[in-house]
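Analysis of the macromolecular model
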Amino acid sequence: MDATRQQEQRRGGGDGDRYGVLLYYKYADVPDACALAAFYEEHCRGLSLVGRVRVGPDGVNATLGGRMAALEKHIAEISSNALFDGTDFKLASCEDPVDEKVARECGFTSLSVRVVKELVTLCSNPTSAPPEISSAGRHLSAAEFHSVLQNVAGTSSVAVAPAKKKEVVVVDARNVYETRIGKFNAPNVETLDPEIRQYSDLPSWIDEHTEKLRGKSILMYCTGGIRCEMASAYIRSKGEGFENVFQLYGGIQRYLEQFPDGGYFEGKNFVFDHRISVGSLKENILGTCLICGSSYDDYSSRCRCNHCRMLVLVCPTCQDSNKEYVCELCQKNGKEHCQISTKQDCDIQIGISEPSGFEKTSISNHNVTSKVPWSNGKVTCYTDSEQLKRLRILCLHGFRQNASNFKGRTSALAKKLKHIAELVFIDAPHELPFVYQPTQNHCSDKPSPPSATPKRKFAWLIAPNSSCNTEQDWKAADAPFDPLQYQQQTEGFEESYAYLEKAISQMGSFDGILGFSQGAAMAALFCRQQQKTCGAPKFRFGMFCSGYPAPVGDFDGEPIKLPSFHCFGNGEGHDRQIANRASTELAGLFQQDCCSILEHDMGHIIPTRSPYIDQIRSFLSSFL
C-alpha cells in the first residue's frame, strides 16, 4: 500500500462498512453535563458505537469504535452543536477487534458514558485547584512541530545558532509504558521522559525539574493532545521563565498522519483502544522484553507488574503463567522478582474462635514457613494443577452480616465458579449489638424478641457513637429499618484497614477482592488507601456488588487503578437497599478503561443465573 493510501485510511477514508476508531476531546463550559451524557448514551447506542465517553463541566473526551459510516454520522451530529466548534475529530480506519480480552479491557465491547468532575486529573490532591485551561501552551501543527525539531537538529537549511539549540527542550507528557515503545528523537534536541506511572505524577516531576525547564522553549506532546492541554497550563502557571510552552496539536496521531514515514518519531504510538499501538511506515521496534532484553513492543499479552499492575513488555518466549513480573520502576524502588513454586502451593484450613478472627474457610498460601496465629495448623497439600491455578478472592460481607452467612448466601456463586476461583470469607472487625424490629405479640402487651439464639454480626464501618456488643441478648431497634443508613456509617475505617492488612499478611496474597454492599464500599476504600500508600492496590482485580462510595475520607483525584467489575440493580427500586445511582457513582471512581459493569433486576444479591454468571466468569477468566 502506498503512503498516500495509508494516510487516507488513517484519516478515515475508504469503505463505510470498514471498522474505525474515533478520538476527540473538547474543553468547553458544559452547562448541563448530565443532559449531554444522556444525549451521548442514546445517540451512540443508536449508531451501535462502543467505547468511552466522559462528560464533565469542563468538556468532553471520547474514544469510540464502530463502522466508519456510523462514526461519520456521529461526527456530523456532534459538529452541528456549537459547543464543539473547532474540535479536532481524529478518525482512523482499522481492522475489527479480534482479541476479545484486549477489546474488553480497552472498553471496546460495550459503550460507557460517564459524568466526571474533570476530563483529566492532573493533580491527585483534591485541595489543589487545577490550572486554568485557558493558559495552555500554544498549539503547533505537526508541520510546525517538525520544523522546530528540524531547525534545532541542524538538518534544516535554516541555520540555527548553537545557543538557540540549547534553549529548546521536548517533554513527553505520557506514562512510561507508552514511552517504552515510541518517542520523539531528534539529533541535538534534549528530550525529557518523566518515566511516570500515571498522569497525576507529572506535576511532581515538573516541580522537581523546574531548573531544566526554566527559560527554555518547551515543546510538549502526548497521544492525542488532551494531556498536554492541562500539563502545559500547569507549567505556564509557574510564572516568569515558563512562558514559552508549546504543544503538538492533535498529538502523535496527527504527526504520523502528516509524516507517515515517522519523521522524528521512532517506534509506535500507544493507543487506548483495541489497536494497542499504531506505527509508521518504518515499523522500527523501540521496546525491549523486560526479562531477556530482546527487541519487543507488543502489549497484546497484557502482562502486568505484580506490584503496581502497570503494563510490561514480555516476549512470548519469556511469558510464563507461574512468573511474577516486576517493572523497571518497581525494581528501582527495591521490589524483587518472586517466582511462584507450585510445589509450595498449599491449602490451609483456618479456624477461629476469637471475637476479631476469621470464619473457618479454605485458603491457598505460598511459601508457608509458619502457622497462621489464628489457625489450627492443619496443612493439606494438593498436587492437582487445576486446583493450584484457581484465583483466590478475598470476600467481604455486608453490614450486619458475618463470614458464615455471606458464605451461605454465595454458595451458588462459589459452586458455579469452583473451577476458576476460590472464595475466602472473613468477618469484619466491628461487632454489632443484637437488635430486632419489635412486633406486637397478641398474647402480651410487650413486643417480644426473637426466640432464636443470637448470632454475632459484624460491620466494616459503623455510625458515630456506636459501641461493640457486650451483651449476649436481644435489644429492640431504636427505629425502623432505614435503607439509607449506610450514609451515616462513617467511623471505623482505620481499624478495618489495619485488620485487613494484618489478615492478608497472615493468610497470603490474593488475586482479587470481592465486596458486597458495605463490603464493596470497604473494598473500594481499602484499594484506594493502598494506592495512596503503596502506589497501587495489592490485588489484580476487584469485584464490587451492590456497592456505594462510603462517606469516609476523600475519593476525589486520581481514579483507583484496578481492573474492576461492578454488579448492581439496573434501576431505581430493583435494589431496595442500595440505589442504582450510588453503585454507578462507585464504578465511576475506578479507572474506566478496565471497568466492567453488570446491571440486573434481581434485587440486593449477586445473581448467578445466565446471562449474569457468564459475564462474571468472562471477567474472571481474563485473569487466569
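Computed from a predicted structure; not experimentally measured. Note on numbering: residues in each chain are counted from 1, in written sequence order. Side-chain atom pairs in this predicted model are given and counted only at pLDDT of 80 or more, local residue features only at pLDDT of at least 70, and totals for whole chains, interfaces and linings cover all residues. Excluding hydrogens and water, the side-chain figures rest on all heavy atoms present in the structure.

**Regarding the sheet that holds strand β7 (residues 168–172)**
- Here, any two strands with at least 2 DSSP bridges between them count as paired. A run of H or I in DSSP counts as a helix once it spans at least four residues, and a run of E counts as a strand once it spans at least two, with each numbered from the N terminus. A sheet is described by the order of its strands in space; here 5 strands give the open sequence β6-β11-β10-β7-β9, paired in parallel fashion. Every other strand in the sheet has two partners, leaving β6 (138–140) and β9 (190–192) as the edge strands with one partner each. Taking each pair of neighbouring strands and ignoring which way they run, the sheet shows an average axis angle of 30°.
- In the packing of helix α5 (residues 142–153) onto the sheet, the strands contacted are β6, β7, β10 (217–221) and β11 (245–248), and the crossing angle to β6 comes to about 85°. Whenever a helix is involved, its axis is fitted only over the stretch in contact; in every case the axis is a line through C-alpha atoms, and angles between N-to-C directions fall within 0 to 180 degrees. Throughout, a residue-residue contact means that at least one pair of heavy atoms, one from each residue, lies within 4.5 Å.

**So, the pattern of salt bridges**
- Salt bridges are defined as contacts in which a side-chain nitrogen from Lys or Arg sits within 4 Å of a carboxyl oxygen from Asp or Glu. All chains considered together, the criterion is met by 20 salt bridges.
- Here aspartate 88 and arginine 254 are joined by a salt bridge, their closest N and O atoms 2.6 Å apart. Highlighted residues: aspartate 88 in the loop between α3 (68–79) and β4 (90–94) and arginine 254 in helix α11 (residues 251–258), separated in sequence by 166 residues.
- Residue arginine 214 is joined to glutamate 211 by a salt bridge in which the shortest nitrogen-to-oxygen separation is 3.0 Å.
- Partly exposed describes any residue whose relative accessible area lies between the buried limit of under 20% and the exposed limit of over 50%, with all areas from a 1.4 Å probe on protein chains only and scaled to the type maximum. With relative accessibility at 57%, the residue glutamate 211 sits in the exposed group.
- What you see here is one network of salt bridges that share partners, running through Asp88, Lys90, Arg254 and Glu257.

**A short note on the packing of aromatic side chains**
- In this scheme Phe, Tyr and Trp rings, the latter by its six-membered ring, pair at centre separations within 6.5 Å, and the angle between planes marks the pair as stacked below 30 degrees, edge-to-face above 60, and tilted otherwise. Evaluated as defined, the whole model comprises 24 aromatic pairs.
- For the ring pair phenylalanine 39 and tyrosine 40, a centre distance of 5.9 Å and an interplane angle of 70° mean the geometry is edge-to-face.
- Assessed through its relative accessible area of 28%, phenylalanine 39 is described here as partly exposed.
- On the basis of an interplanar angle of 55° and a centroid distance of 6.3 Å, the ring pair of tryptophan 460 and tyrosine 499 is categorised as tilted. Highlighted residues: tryptophan 460 in the loop between β21 (457–459) and β22 (474–476) and tyrosine 499 in helix α16 (residues 493–507), separated in sequence by 39 residues. Like tryptophan 460, the residue tyrosine 499 is buried in the burial classification.

**Some remarks on the confidence of the model for the protein chain**
- By definition, pLDDT measures how confident the predictor is in each residue, and it falls between 0 and 100. Residues with a pLDDT of 70 or more make up 77% of the protein chain, whose mean pLDDT is 80.
- In this model residues 1–13 is a low-confidence stretch, pLDDT under 50, and it forms 30 contacts with partners more than four residues away in sequence or in other chains.
- Note that pLDDT drops below 50 for residues 338–388; the model gives that stretch 100 contacts with residues more than four away or on any other chain.

**Notes on the pairing of β7**
- Most of β7 is tucked away: 5 of the 5 residues are buried.
- The alternating pattern of β7 places Val168, Val170 and Asp172 on one face and Val169 and Val171 on the opposite face, and all of these are buried.
- Pairing between β7 and β10: 5 bridges, direction parallel. Counterpart to valine 169 in the pairing with β10 is isoleucine 218.
- In this sheet, β9 lies alongside β7 in parallel orientation, the contact comprising 3 bridges. Along β9, the bridge assignment pairs valine 170 with threonine 191.

**Observations regarding the packing of α5 against α11**
- Put simply, α5 and α11 touch, their axes get as near as 9 Å, and they point 85° apart. In terms of orientation, α5 lies roughly perpendicular with respect to α11. For the pair α5 and α11, contact is made by Ala142, Ala143, Phe145 and His146 and by Arg254, Tyr255 and Gln258, respectively. Note on terminology: angles under 35 degrees are roughly parallel, angles over 145 are roughly antiparallel, angles of 65 to 115 are roughly perpendicular, and the others are oblique.

**Comments concerning α3**
- Expected helix span is given by 1.5 Å per residue-to-residue step, counting one fewer step than there are residues. Across its 12 residues, α3 extends 16 Å between first and last C-alpha, which sits within 8% of the 16 Å expected from 1.5 Å per residue.
- Regarding α3, the residues found buried are Met68, Ala70, Leu71, His74, Ile75 and Ile78. Down the axis of α3, the buried side of the element spans an arc of 160°, and every buried residue falls inside it. Opposite the buried face of α3, by more than 90 degrees, sit the exposed residues Lys73 and Ala76.
- Looking at the packing, one finds that the buried side of α3 touches β1 (19–27), α2 (33–46), β3 (59–67) and β4. Relevant arc is that of directions from the helix axis to the C-beta atoms, nothing else.

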